[in-house]
Amino acid sequence: HALRRWTGAMRAVFVYAVAASAIVTYLTARVVHNKVLRLEADSTESDAFWERVHLRVAPFVVTRLASLGSLYVKLGQYLSARADIAPPGWKGVLEQLQDDLAADAPSDVRRTVEASFRRKVEDVFDAFDWAPVASASIAQVHRASVGGKAVAVKVRHAGIAAVFRGDLRRTIKIFDFCAKISGNEMFRVQADVCRSWEREAHRELDLTYEVAATREVGRFLDKTRASARTAKIHEDLTGPAAFVMDWEELHCKVDDKEVLEVHGVDAEALARHYAHCVLSQVFELGFFNADPHPGNVALRFDPSAGAARLTLLDWGWTHRLSPTELKGWRDLALALYDSDTARASEALAALGYRTNQDGRDAARSVHFMSFVMRDASDATTARRETKERMDAIKQRVKEEKAAGTREKGGRKLQGLPDSFLFVVRVIGMVRGTCAHLGVSLPLVDIMATYARRGYA
């Protein structure tokens, strides 16, 4: 909790020191792997070696950055959901970032709540539990009662705005550096995600945006008769740093395999319902949660109906597609479903996605997007697909160099719209959830379905 109060130079030194320690460890391990042990890539021995490295580095990095809270919790929440790309050694440790983070003191909570509602806590609530039921990166949640009814009070952490923005700047630098020394495009993508996040951070730090988003998505779910829902907001108790909503009795996160098995929940049916719910928001509504992770999707068990129903939480960071963007994503989904390379290339151009090689090889961008927006599969298959993709890229680069056809600097992005990063992140969350649950789903078909419905 004390470390979370660090700002400025002390916080920067701590973050860079942790990052440097991890980077040096991996660089050293790579030398040992390649030069000392001379392990063959993709062998059982190689996989075991890197898993041991992950299990040593992950706890070191995660426990230290978790002590800072803020942005680092958000990154952990996202990566923990990506069973298709996060090594098992990292995923298990990252999952601890989803709950039970250090909370603000009651005195801080009182000041924030009373400043937001312009009344004393005792004048607003019949009862208020000063011990939070959950504390995450931006805010914490308290149980209280109003008019004899249980409610949840979301309260923004004191002083979080400046800390969050500083952490974003530092994280972008770290991802850029990792991308440069490793050549791994995953780091570049995360750096770009953080840059887009930096432009939108003011929305997540002002809880009035979350209130409005919760209402809008709730209306959409009601309109489409989805069994999923959002929390009901108390309209007279909202402010930029706190708001009140109905209390929801929730039982587990959407990817909690053990609890799902205990209650006999059909994992495939649940994953399919979740995919339809989320992808309909992207391709039909054009408005969705830009910070997807399992902690934002909870299940409530309904014994009377014998069903498990989704509750969609935490609408602080959202993205709205412009009419042009929405049309572009719908056209792309339909083109990929039809395996129409020409139409898909046109859709990408309309979205503003450009590379330096589009003039002579536009199909390559389409192939990349077909990989990004591919069907979901179990974790083993998903990791194999990702590895095969990376190996294919390396092989192509080698062949182009040997033939003397590779351009200086290789293939470079010249245009990457914010919507690309947000939409791909949502699709990645769905795929990661499916991978964790061991479920395969036809995501291409689902996306195309809602693209057609949006045009209807």
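Structure report, in brief. Everything numeric here is computed off the predicted structure, so don't read it as measured data. Position numbers for residues count from 1 along each chain, tracking the sequence in the order it is written. Totals for whole chains, interfaces and linings use all residues, but because this is a predicted model, local features are given only for residues with pLDDT of at least 70 and pairs of side-chain atoms are given and counted only at 80 or more. Neither water nor hydrogens contribute to the side-chain values; these are computed over all heavy atoms in the structure.

Describing the overall build of the protein chain
Quick note on the threshold: The numbering of helices and of strands both runs from the N terminus, where a helix is a DSSP run of H or I of at least 4 residues and a strand a run of E of at least 2. The atom set for the radius of gyration is the C-alpha atoms, and the globule formula is 2.2 Å times the number of residues raised to the power 0.38. Partly exposed describes any residue whose relative accessible area lies between the buried limit of under 20% and the exposed limit of over 50%, with all areas from a 1.4 Å probe on protein chains only and scaled to the type maximum. In this analysis, two residues are considered to be in contact whenever any of their non-hydrogen atoms come within 4.5 Å of each other. In short, Shrake-Rupley with a 1.4 Å probe defines the accessible areas, and a residue's cover is counted only from the protein chains shown.
For the protein chain, the helix and strand inventory stands at 18 helices and 14 strands. Taken against the 2.2 N^0.38 rule, which gives 23 Å for 456 residues, the C-alpha radius of gyration of the protein chain at 23 Å falls within 12% of a compact globule. With respect to the principal axes defined by its C-alpha atoms, the protein chain has extents near 75 × 55 × 40 Å. For the protein chain, the proportion of its 456 residues judged to be buried stands at 50%. Partitioning the intrachain contacts of the protein chain with sequence separation of at least 6 by distance along the chain shows that 71% fall at a separation of at least 24. Element-wise, carbon and sulfur atoms account for 54% of the exposed surface of the protein chain, whose accessible area totals about 20700 Å².

Topic: empty space enclosed by the protein
Over the atoms rolls a probe the size of a water molecule, and in doing so it shows where empty space is left. How we decide: Definitions used for this entry: grid spacing 1 Å over protein atoms alone; cavity, a set of points where a 1.4 Å probe fits but cannot get out; pocket, an open set with protein on both sides within 12 Å along at least 5 of 7 lines; lining residue, one with an atom within 4 Å of a point. Grid points are joined across faces, edges and corners, and a volume is the space filled by probe spheres set on the points. Following the grouping adopted for this structure description, the nonpolar residues are Ala, Val, Leu, Ile, Met, Phe, Trp, Tyr, Cys and Pro, the charged ones are Asp, Glu, Lys and Arg, and the polar ones are all others, Gly among them.
Tallied over the entire structure, the rule returns one cavity of 30 Å³ or more. In this model, the largest cavity occupies a volume close to 130 Å³. Lining the largest cavity are 13 residues, with Tyr274, Val278, Asn289, Val297 and Trp315 sitting closest to its centre. When residues of the lining of the largest cavity are traced back to their parent elements, those giving at least two are helix H11 (267-285) and strand E9 (287-289). At three residues, H11 tops the list of elements feeding residues into the lining of the largest cavity. Residues belonging to the lining of the largest cavity are distributed by class as follows: nine nonpolar, four polar and no charged.

Considering the environment of Val53
Checked against the element boundaries, Val53 lands in helix H2 (residues 44-66). The sequence separation of Val53 and Ile160 amounts to 107 residues, and the corresponding C-alpha distance is 33 Å. The contacts of Val53, once residues within four sequence positions are left out, are Tyr26 and Ala29.

Notes on the pairing of strand E7 (residues 242-246)
To be explicit about the condition: For two strands to be treated as a pair, DSSP must find at least two bridges joining them.
Counting buried positions along E7 yields five of five residues, so the element is predominantly enclosed. Across five bridges, the pairing between strand E4 (residues 149-156) and E7 is antiparallel. Counterpart to Ala152 in the pairing with E7 is Met245. Sheet topology places strand E6 (residues 233-238) next to E7; two bridges connect them, and they run antiparallel. When the bridges of E7 are listed, Thr238 appears paired with Phe243. Turn length for the E6-E7 hairpin, with the two strands adjacent in sequence and antiparallel, is three residues.

Digging into the layout of surface pockets
Approximately 930 Å³ is the volume found for the second largest pocket. In this structure, the second largest pocket is lined by 42 residues; those nearest its centre are Ala134, Val141, Leu250, Gly295 and Leu313. Mapped by element, the contributors of at least two residues to the lining of the second largest pocket are helix H3 (71-80), strand E2 (134-135), strand E3 (139-146), E4, helix H9 (207-223), E7, strand E8 (252-253) and strand E10 (297-302). Among the residues making up the lining of the second largest pocket, the classes are represented as 20 nonpolar, 11 polar and 11 charged.

Thoughts on the sheet that holds strand E5 (residues 229-230)
The sheet built from four strands is open, its strands ordered E5-E11-E10-E8 with mixed pairing. Each edge of the sheet is formed by a strand with only one pairing partner; in this case those strands are E5 and E8. Direction of pairing for E10 relative to strand E11 (residues 307-312): antiparallel, over a ladder of six bridges. For Leu299, the partnering residue across the bridge sits in E11 and is Leu310.

Focus on the packing of helix H12 (residues 323-337) against helix H13 (residues 341-351)
Going by this rule: A fitted line through C-alpha atoms serves as each axis, taken over the contacting stretch for helices, and the angle formed by two N-to-C directions is quoted from 0 to 180°. The cut-offs work like this: below 35 degrees is roughly parallel, past 145 is roughly antiparallel, 65 to 115 is roughly perpendicular, and the gaps in between are oblique. Take the far helix as the reference: if the near one is turned anticlockwise from it by less than a right angle, the crossing is left-handed, and if turned clockwise, right-handed.
Relative to each other, H12 and H13 sit at 160°, their axes nearing to 8 Å. Considering the angle they form, H12 stands roughly antiparallel to H13. As for how H12 packs across H13, the hand of that crossing is left-handed. Here Thr324, Glu325, Gly328, Trp329, Asp331, Leu332, Leu334, Ala335 and Leu336 of H12 lie close against H13, whose contacting residues are Arg343, Ala344, Ala347, Leu348, Ala350 and Leu351.

Points about the pairing of E3
Taken across its eight residues, E3 has six buried, putting it largely inside the fold. Sheet analysis places strand E1 (residues 127-128) next to E3, joined by two bridges and oriented antiparallel. Residue Phe128 lies in a different strand from E3, and its bridge partner there is Ala144. Inspection of the sheet shows E2 paired to E3 by two bridges, in the antiparallel sense. Note on E3: the bridge partner recorded for Ala134 is Val141. If you look at the hairpin formed by E2 and E3, you'll find three residues sitting between the two strands. Of the pairings in the sheet, the one linking E3 to E4 comprises eight bridges and is antiparallel in character. Paired with Gln140 across the strands is Val155, a residue of E4.

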